[in-house]
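Observations on the three-dimensional arrangement
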Amino acid sequence: MTAATATTDSGRTSRAGAGLGPLLRLAIPILLVVGAWLYLGPEQFVNALTRGAIYALIALGYTMVYGIIELINFAHGDMFMVGAFVSLSFLIFLGFSGAITDVGLLLIVLAATFLFTMGVLGVLGVFIERFAYKPLRRAPRLAPLITAIGVSFILQNVVQLFYGPFQTNSPKIFPDTW
């Protein structure tokens, strides 16, 4: 028997240094993140993390919706779009069209925008569920699926009525330099 392995009382072989497994599981992702930072640069790395977080949030939402009501909700992404336009409208209503250099004011504006947008989307979600999905609870599985596509089209066209079929830029509230 070598020094690297030993037999325990139950006959299983244990390795010396078996505690390295959790350390390697932690070290590999850290090395990958540092490598990505060095390869992409800080700005692109933050952009990639932001985009990945949005994708993860949308995927988590799809998973939760499908897991609870067993319906692929095609209007899920459109709810994110409506949220973006509601927050844009709220910022324009408040009169912010440029960078906010005061950190305190920026935090207050962000909190107010998040709270307002969450409230509006919560009410919209309840409205959609009550009037579009609830009447179809006992219907065949194809009916709610078609309804989800219809709700998606309705949301897209309602936003297009307010903003038109043009590219819409949101105000840049974060300053380039602090």
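Across its full length, the protein carries five helices and two strands. Starting at the N terminus and walking to the C terminus, you meet the elements of the protein as β-β-α-α-α-α-α. For the protein, the computed accessible surface area is about 13300 Å², with 70% contributed by carbon and sulfur atoms.

Between helix 3 (residues 76-94) and helix 5 (residues 142-163), the least distance of the axes is 9 Å, while the angle of their chain directions is 20 degrees. Relative to helix 5, helix 3 is oriented roughly parallel. Here helix 3 and helix 5 pass one another in a crossing that is left-handed. Across the interface between the two elements, Asp-78, Met-79, Met-81, Val-82, Phe-85, Leu-88 and Ser-89 from helix 3 touch Ser-152, Leu-155, Gln-156, Val-159 and Tyr-163 from helix 5. Looking at the contact of helix 3 with helix 5 residue by residue, the classes come out as eight nonpolar, three polar and one charged.

Now for helix 4 (residues 103-133). In a regular helix each residue adds 1.5 Å, so 31 residues correspond to 45 Å; helix 4 covers 42 Å between its end C-alpha atoms and thus fits that length. Every buried residue of helix 4 is listed here: Leu-106, Val-109, Leu-110, Thr-113, Thr-117, Ile-128, Ala-132 and Tyr-133. Check the buried side of helix 4 and you find it contacts helix 3 and helix 5.

Of all hydrophobic cores here, the largest spans 12 residues; its members are Leu-71, Ala-75, Met-79, Val-82, Val-86, Ile-128, Ala-132, Tyr-133, Ala-148, Val-151, Leu-155 and Val-159. Breaking this core down by element, the ones donating at least two residues are helix 3, helix 4 and helix 5. If you tally residues by element for this core, the top one is helix 5, at four residues. Every residue in contact with Ala-148, bar those within four places of it in the chain, is listed here: Ile-72, Asn-73, Phe-74, Ala-75 and Tyr-133. Formed by seven residues, the second largest nonpolar core is a distinct cluster that contains Leu-91, Val-109, Leu-110 and Ile-173.

Glancing now at the side chain of Ser-87. Relative to the helices and strands, Ser-87 resides in helix 3. At 2.8 Å, the side chain of Ser-87 forms a polar contact with the backbone oxygen of Ala-84. Excluding residues that lie within four positions of it along the chain, Ser-87 makes contacts with Thr-113 and Thr-117.

Summed over the entire model, instances satisfying the criterion amount to two salt bridges. When the shortest N-O distance is used, the salt bridge between Glu-129 and Arg-137 registers 2.1 Å. Overall, Glu-129 belongs to the partly exposed group, its relative accessible area being 24%. In this structure, Lys-172 engages Asp-176 in a salt bridge whose closest nitrogen and oxygen atoms are separated by 2.3 Å.

Here we come to the side chain of Asp-78. Locating Asp-78 in the fold gives a position in helix 3. No salt bridge forms around the buried Asp-78; measuring N to O, its nearest opposite-charge neighbour Arg-51 is 17 Å away. One polar contact links Asp-78 to Ser-152, side chain to side chain, over a distance of 2.2 Å. Dropping the residues within four chain positions of it, Asp-78 is found in contact with Ser-152, Leu-155 and Gln-156.

Rules and cut-offs
Residues numbered from 1 in each chain as written. Predicted model: local features only at pLDDT ≥ 70, side-chain atom pairs only at ≥ 80, totals over all residues. Heavy atoms only, no water. Helix = DSSP H or I, 4+ residues; strand = E, 2+ residues; numbered from the N terminus. Areas by Shrake-Rupley, 256 points an atom, 1.4 Å probe, with all protein chains shown as cover. Axes fitted to C-alpha atoms, helices over the stretch in contact; angles between N-to-C directions. Parallel < 35°, antiparallel > 145°, perpendicular 65-115°, else oblique. Left-handed = near helix turned anticlockwise from the far one by under 90°. Contact = heavy atoms within 4.5 Å. Nonpolar A, V, L, I, M, F, W, Y, C, P; charged D, E, K, R; others polar. Expected span 1.5 Å × (residues − 1). Buried < 20%, exposed > 50% of the residue type's maximum accessible area, 1.4 Å probe, protein only. Core = buried A, V, L, I, M, F, W, Y, C linked by side-chain atoms within 4.5 Å. Polar contact = N/O pair within 3.5 Å; in protein donor to acceptor, adjacent residues only side chain to side chain. Salt bridge = Lys/Arg side-chain N within 4 Å of Asp/Glu carboxyl O. Lys, Arg positive; Asp, Glu negative; His and termini not counted.

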